[in-house]
Amino acid sequence: MELRPLNESNTNDKYKTYELFIGPNHPGISGNFSYVLDMEGHKIANVTADPGLLHRGFEKLMERRLWTQNLALIPRICVPEPDVNEVAYCMGVEHLAGIEVPKRAQYIRVIVLEMARIAAYLFSFSGVGGATGLYTAPNWAIGDRDYILDLFEWLTGGRVYHIYQYPGGVKMDIPDGWLDKLSELLDYLESRLPEYDNLIFKNPILQKRTKGVGYLSAEDAIENGITGPNLRASGVKWDIRKAQPYLVYDELDFDIPETGDGDAFSRFVQRRLEMEESIKILRQCIKQIPDGPYREKIPNPFQFRVPAGTYYSKVESSKGEFGYFIVSNGDIKPYRVYVRGPSYSAGLYYALEAMKNMRIEDVPVWIHSMDICPPDFDR
Amino acid sequence: MIFLKLLEGIGVGLLSLTVGLLFMGLARKITARIQRRYGPPVLQNFIDVFKLFSKQSISHGFAFDLGLVAGVSALLAAVVFLPMGQINLFPHNSSLIMIIYLMTMAYLGMAMGVSSSGNPNATIGVARALTMMMGYELPFAAVIFSVYIFAKTGSLTNIVAAQGGGFLNWNMVRLPFGFLAAEIALQGMLGEKPFDMAIAPAEIASGPMVELGGKYLGFGMLQHAVGIYLETGIMVDLFLGGASNIWIFVTKQFELFFIALLINAVLPRFKIEDGVKFMWKVPLLLGVIQALIVVL
């Protein structure tokens, strides 16, 4: 332990400033991560981020596993929405190995991604409620999310981590009757949306709490590498699904909603509006999904060598751009994999700037409006 | 005779604890149903208190112990003076001012206790609780003023007696603005949303409760239980015409508590300054209007 010189501790009046910990064991933070706040009264004078509590060394571990073995590892990087990891990784591997993915598999991937997106948005509804004290919202949202997890369980066998994608397609075909059930679930979720509106988004106290909090201008957002709904809520219409379509998103008809106020409330509303678009996409997928094979055969996984090269594959997740930079040297294992998590720049760097001079009661609202997922930092 | 009164006082204290804990259990169940959950057993809070009092606890010094004990005992002392149906231990001495005074003592005791723990979260929570108290005491004082002028007495027993003879004689009907103001103030007194800034978990990790463990947390729960009983009890005596027996009294209390719970379930919490502003705008205005009506 480092001892502080006496004269220094004299100047630092302990009654003027004090330290407050948001995390790692705090109801206001959404993971194993901590912001250490230097408080002056109820204003934040300085913020320090304290990551590393969940560090498991994913990127290094991947270099020691076979290409297909990594599929069981990477979903753990993002807990609320694990599927983006699998899809981004598989897309990268397929591009390097030159595998053509069947149309049906691409549709199934879109279905899985959009279901995961809705589940993550429901999670963020629960974040709004938890941050402002509206505890009915988390309970309703997590309850509705469970119906999505039920369908995931039927499709993949896993509720949270699915490990369903595979280079060349998906592991299993859609079971009989699953799509009908999905369409029923979409009807149900759509019928719930007005309830959420009345409870959360039209709530005058919630609007008072969140409007004007944590304003993020479009320039600041681009400067700090903030993507996804947070960027779109600041008025920049950028969505990888539209700008650089992957899978079959160019065959689907959907809009990018725009709120554009840049404060916490508009970020919450942005997610709520995008959830409707996801439901629209899923309905189209159910109608348009073709018959055919669900996976392109790849060689024996123990002998599966990906040709040398590099590729950056990216997916639009519920939090922003989720990317995998994959380097292969032609071996049975990756040479290097770098993961770009969307929360990394917002939660670890921009937070230090954004939270200064904020009040303590705005901190959880800011964290949940940016939908920060601390496992992203520690890879 | 004094010994008998003492026994009766202990009985009333136990009654308030039991009813308060039962209300807390029912609150958890009702809130759970609104939130589409099953919820814990109704008697869960009794189980919790028994468990907590059987645990080893960490003290933070003499002020900590004293503050928490003072918190519960001041409220228990206040309950003794509350007329509840046929149970009225001091019919000639049930001054409302004294009850309010004892209630404030309880919160100050709690404040002293938890802020001596040295945790900044607890201190912020206590500061918020006292600020909020400033918010709801003012409209409540305005309401009490109108009730005093209207009933021409300061004794709860006489206020209850003046409301006898049917629903239309209740102060709820006669002083509707005052009742509304007191209802909003009650929401703040109970610490239910949107006025629960003192224990905001996402912001200050449950505030005053953060350093309480074991027996101390048990004391905290008991204080909350007696607080619910006392605050709803005052409202029943002031506005719902008291009661002819204890069962009706508790039922009326529960009705008030139930309304508070429903509001609690669908609102987020205010910021502290917004909460106080709201209290000084809406209920205070209602209280003053009521007082003006009564005086003129």
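Check the entry above for the structure.
Only a predicted model underlies this, so the values are computations on that prediction, with no experimental measurement involved.

About the criteria used
Residues numbered from 1 in each chain as written. Chains lettered and ligands numbered in written order. Predicted model: local features only at pLDDT ≥ 70, side-chain atom pairs only at ≥ 80, totals over all residues. Heavy atoms only, no water. Helix = DSSP H or I, 4+ residues; strand = E, 2+ residues; numbered from the N terminus. Buried < 20%, exposed > 50% of the residue type's maximum accessible area, 1.4 Å probe, protein only. Contact = heavy atoms within 4.5 Å. Areas by Shrake-Rupley, 256 points an atom, 1.4 Å probe, with all protein chains shown as cover. Lys, Arg positive; Asp, Glu negative; His and termini not counted. Charge placed at Lys NZ, Arg CZ, Asp CG, Glu CD. 1 Å grid on protein atoms, 1.4 Å probe; cavity = no way out; pocket = protein on both sides within 12 Å on 5 of 7 lines; lining within 4 Å. Points joined across faces, edges and corners; volume = space filled by probe spheres on them. Nonpolar A, V, L, I, M, F, W, Y, C, P; charged D, E, K, R; others polar. Salt bridge = Lys/Arg side-chain N within 4 Å of Asp/Glu carboxyl O. Pairing = 2+ DSSP bridges. Axes fitted to C-alpha atoms, helices over the stretch in contact; angles between N-to-C directions. Parallel < 35°, antiparallel > 145°, perpendicular 65-115°, else oblique.

Participant: Even after reading the chapter, I still don't get the overall build of chain A, so can you show me in this structure?
Facilitator: Counting its regular elements, chain A contains 13 helices and 8 strands. Structurally, chain A occupies a C-alpha span of about 70 × 50 × 35 Å along its principal axes. Counting over 379 residues, chain A shows a buried share of 59%. Sequence-distant contacts in chain A: of pairs separated by 6 or more residues, those separated by 24 or more amount to 71%. By element, 50% of the accessible surface of chain A is carried by carbon and sulfur atoms, the whole surface being about 15200 Å². Between the mean site of the 43 positive side-chain charges and the mean site of the 52 negative ones, chain A shows a separation of 3 Å.

Participant: Could you clarify how one ought to interpret the layout of surface pockets in this entry?
Facilitator: By volume, the largest pocket is sized at about 1500 Å³. Lining the largest pocket are 49 residues, with B:L190, B:G191, B:I199, B:M209 and B:H224 positioned closest to its centre. Those elements that provide at least two residues to the lining of the largest pocket are α5 (136–156) of chain A together with α1 (2–34), α4 (96–115), α5 (120–151), α8 (176–190), α10 (215–239) and α11 (246–266) of chain B. A total of 8 residues in the lining of the largest pocket trace back to one element, the largest contributor, which is α10(B). Residues that form the lining of the largest pocket fall into these classes: 28 nonpolar, 14 polar and 7 charged. Every residue lining the second largest pocket is counted, 17 residues in all, and those nearest its centre are A:M91, A:E94, A:Y246, A:L247 and A:Y311. With 4 residues, the top contributor of residues to the lining of the second largest pocket is strand β6 (residues 309–316) of chain A. When grouped by side-chain class, the residues that make up the lining of the second largest pocket number 9 nonpolar, 4 polar and 4 charged.

Participant: Mind showing me how you'd approach the pattern of salt bridges here?
Facilitator: Oppositely charged side chains are able to pair whenever their charged atoms sit close together. Within this structure, the stated rule accounts for 38 salt bridges over all chains. Between A:D146 and A:R159 there is a salt bridge whose closest N-O contact spans 3.5 Å. With A:D146 in helix α5 and A:R159 in the loop between α5 and β4 (165–166), this pair connects stretches of sequence that are 13 residues apart. Here A:D146 falls in the partly exposed class, since its relative accessible area comes to 33%. A salt bridge links A:D371 to A:R271; the nearest nitrogen and oxygen atoms lie 3.5 Å apart. Here the residue A:D371 occupies a position in the segment after α13 (363–369), and A:R271 occupies one in helix α11 (residues 264–288), the gap between them amounting to 100 residues. Owing to a relative accessible area of 0%, A:R271 belongs among the buried residues under this scheme. The network of salt bridges with shared partners includes A:R209, A:R359, A:E361, B:R128, B:K193, B:D196, B:E203, B:R269 and B:E273.

Participant: How do you make sense of the sheet that holds β6(A) when you look at a structure like this?
Facilitator: Sheet strands associate in pairs through backbone hydrogen bonding, adopting either a parallel or an antiparallel arrangement. Residues and elements named next belong to chain A. Across the sheet, 3 strands lie side by side as β6-β7-β8; this open sheet has antiparallel pairing. Since the sheet does not close on itself, it has two edges, and those belong to β6 and β8 (336–340), each with one partner. Mean inter-strand twist for the sheet, computed between neighbouring axes without regard to direction, equals 10°. Pairing between strand β7 (residues 321–328) and β8: 5 bridges, direction antiparallel. Along β8, the bridge assignment pairs F325 with Y338.

Participant: Got a minute to help me understand the packing of α1(B) against helix α2 (residues 44–53) of chain B in this structure?
Facilitator: Pairs of packed helices are described in terms of their axes, by the angle between the two and the distance that separates them. Residue and element names in this part refer to chain B. At a minimum axis distance of 7 Å, the contact between α1 and α2 shows a crossing angle of 120°. Taken together, the axes of α1 and α2 are oblique relative to one another. Counted together, T18, L21, L22, M24, G25 and R28 of α1 and Q44, N45, F46, D48 and V49 of α2 form the full contact between these two elements. Split by residue class, the contact of α1 with α2 holds 5 nonpolar, 4 polar and 2 charged.

Participant: Where do I start with the pairing of strand β2 (residues 34–40) of chain A in this structure?
Facilitator: Sheet faces and side chains relate simply in a regular strand, where the side chains alternate between the two faces. Residues and elements named next belong to chain A. Counting buried positions along β2 yields 5 of 7 residues, so the element is predominantly enclosed. Relative to β2, strand β1 (residues 17–22) is paired through 6 bridges, and the arrangement is antiparallel. Of the residues in β2, the one forming a bridge with T17 is E40. Two strands pair when backbone bridges link them, and β2 and strand β3 (residues 43–50) are joined in this way by 7 bridges, in the antiparallel orientation. Each residue of the ladder has a partner; that of S34, found in β3, is D50. Count of turn residues in the β2/β3 antiparallel hairpin: 2 residues, of which G41 carries a positive phi of about 65°.

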